[in-house]
Structures are given as structure tokens and as C-alpha cells.
Amino acid sequence: MTDAGGRVGAVTSAVARQVRELRAARGWSFEELAGRSGVSKGMLVQIEGARTNPSVGTLCRVADAFGVNIARLLEPAEQSTVRVSRAGDAPVLWRGGHGGTARLLSGLGEPDLVELWEWQLQPGEAHHSADHPRGTREVLHVLAGTVTVTVEGVDHEVRAGETVEFHADREHGYRTTGDEPARLMMVVVTPSGEWDRRTRSRGPRPS
């Protein structure tokens, strides 16, 4: 097995274990989790059985249902108080049609949900994101190239060296501007608590 194949397998196994444990801790059936997340029961069975490598959209929906961030779903079985990780080991959770990637570098689960991403977008690539849980904010810093950030249908051009911050609990997306590739760092912050997609609301923080 190649190193890349090994990393994909490790991610798939970690997601399977975390989803299984989070669902069991809440006493939810597959039907309950499916209703809260909008992910089909069949797909959830595949995820818990480590028989599929779910997309970033599916991971977002499952994580939202549990009130955790994506990084929690990717945690290995044992966690140290200090963890140093290489960018090359970070899972690629999105791939563009021309070679662009999005890597989840790290994440924190308390007191709020924080994710650190590295995005590389090739010319002509775009990513559309549905609204995140209520209160979510994103901060993007463009390292190279120019990115157009669209929030609720309004475009904002962000050049290398510039930073944009916005409420991400509404539809938004990113695309390259011009003929140069773009690279950016992204921080996503979501207030912790249980998110229920059926009611579009967030419950109390876990005790």
C-alpha cells in the first residue's frame, strides 16, 4: 500500500470509529443521525463500516449533527497533550477539477469548534459551500494569487497579502480570479453545541 493509500485508510478508519462512538454516546439510531444530518442511513452504515471515504460535504453534515468539527471526526484513537503534524500528512478533503486541494491541517473542539485549513485553487476552480451552523465565522488569508469570495451572492475580491472575515452561516464560496493559482489559509470558528439540521437551530452546549 502506498503512503497516500495508507493515509486515506487511516482517515477512513478514524472517521468510522469516531462516528460510531459519537452516535453510541448519544444513544442515536442510524435513522436519528440520518434525520439530524441529512445524510442517508445507507451512507452512514458505509461510513461506520469504514467502507467509504466520505466527501467533505458529508463530513460537514455529520459533524454538524454531532455538534463537533470535522477535525474531531479525524482524530486517531490516542491523543497526546502536544501534537506536531506535517502538512503533507493532513487529509485532503476536497479536490478541484484542475488539481486544487483543501487540507484540514488541525482542529480544536473546546470551548468553540476551530478548524485550520490550507487551500490551493488552480485557475478556473471554485468551491461552493452551503451555510454552516448558526454563528460560524470564517477568516481567510490569501498567500498567493487572487480569490473571489462570494457571500450571499455578493463578490469580494481578495488579493495576496489581504485577509477577509465573514459570517459563514449563509451560502458562500471561493473561486480563483485571473490566470494565476491561489493559495490561502482559512480558519473556521463555530460556537459549540448540538446542531440539529431539522430545526436549523443549535441546542445547549454539552455539559
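Coordinates for the structure precede this section.
The rules we used
- Residues numbered from 1 in each chain as written.
- Predicted model: local features only at pLDDT ≥ 70, side-chain atom pairs only at ≥ 80, totals over all residues.
- Heavy atoms only, no water.
- Helix = DSSP H or I, 4+ residues; strand = E, 2+ residues; numbered from the N terminus.
- Buried < 20%, exposed > 50% of the residue type's maximum accessible area, 1.4 Å probe, protein only.
- Polar contact = N/O pair within 3.5 Å; in protein donor to acceptor, adjacent residues only side chain to side chain.
- Pairing = 2+ DSSP bridges.
- Axes fitted to C-alpha atoms, helices over the stretch in contact; angles between N-to-C directions.
- Salt bridge = Lys/Arg side-chain N within 4 Å of Asp/Glu carboxyl O.

What to know about the environment of Arg 72
Structurally, Arg 72 can be placed in helix α5 (residues 70-73). Looking at Arg 72, the relative accessible area reads 31%, which means it is partly exposed. In this structure, the C-alpha to C-alpha distance between Arg 72 and Leu 108, residues 36 residues apart in sequence, is 7.7 Å. A polar contact is formed between the side chain of Arg 72 and the side chain of Gln 18, at a distance of 3.4 Å.

Examining the sheet that holds strand β4 (residues 126-129)
In space, the four strands of this open sheet follow the order β4-β9-β6-β7, with antiparallel pairing throughout. The open sheet has two free edges, formed respectively by β4 and β7 (154-159), since each of these has just one partner strand. For this sheet, the mean angle separating the axes of adjacent strands, direction not counted, is 15 degrees. Alignment of β4 against strand β9 (residues 172-176), held across four bridges, turns out to be antiparallel. Across the sheet, His 128 pairs through a bridge with Gly 173, a residue of β9.

Notes on the pattern of salt bridges
With the rule as written, the count across this model stands at 10 salt bridges. The partner of Glu 48 in a salt bridge is Arg 23, and the shortest N-O contact between them spans 2.6 Å. With a gap of 25 residues between them, Glu 48 in helix α3 (residues 41-48) and Arg 23 in helix α1 (residues 3-26) connect regions that are remote in the sequence. Summarising the burial analysis for this pair, Glu 48 and Arg 23 share the class buried. Ionic pairing is found between Arg 137 and Glu 165, a salt bridge with its closest N-O pair at 2.4 Å. Pair noted here: Arg 137 is in strand β5 (residues 137-144) and Glu 165 is in strand β8 (residues 163-167), with a separation of 28 residues, a long-range link. The class of Arg 137 is partly exposed, set by a relative accessible area of 34%. Assessed through its relative accessible area of 40%, Glu 165 is described here as partly exposed. Overlapping salt bridges, with partners in common, bring together Glu 152, Asp 169 and Arg 170 in one network.

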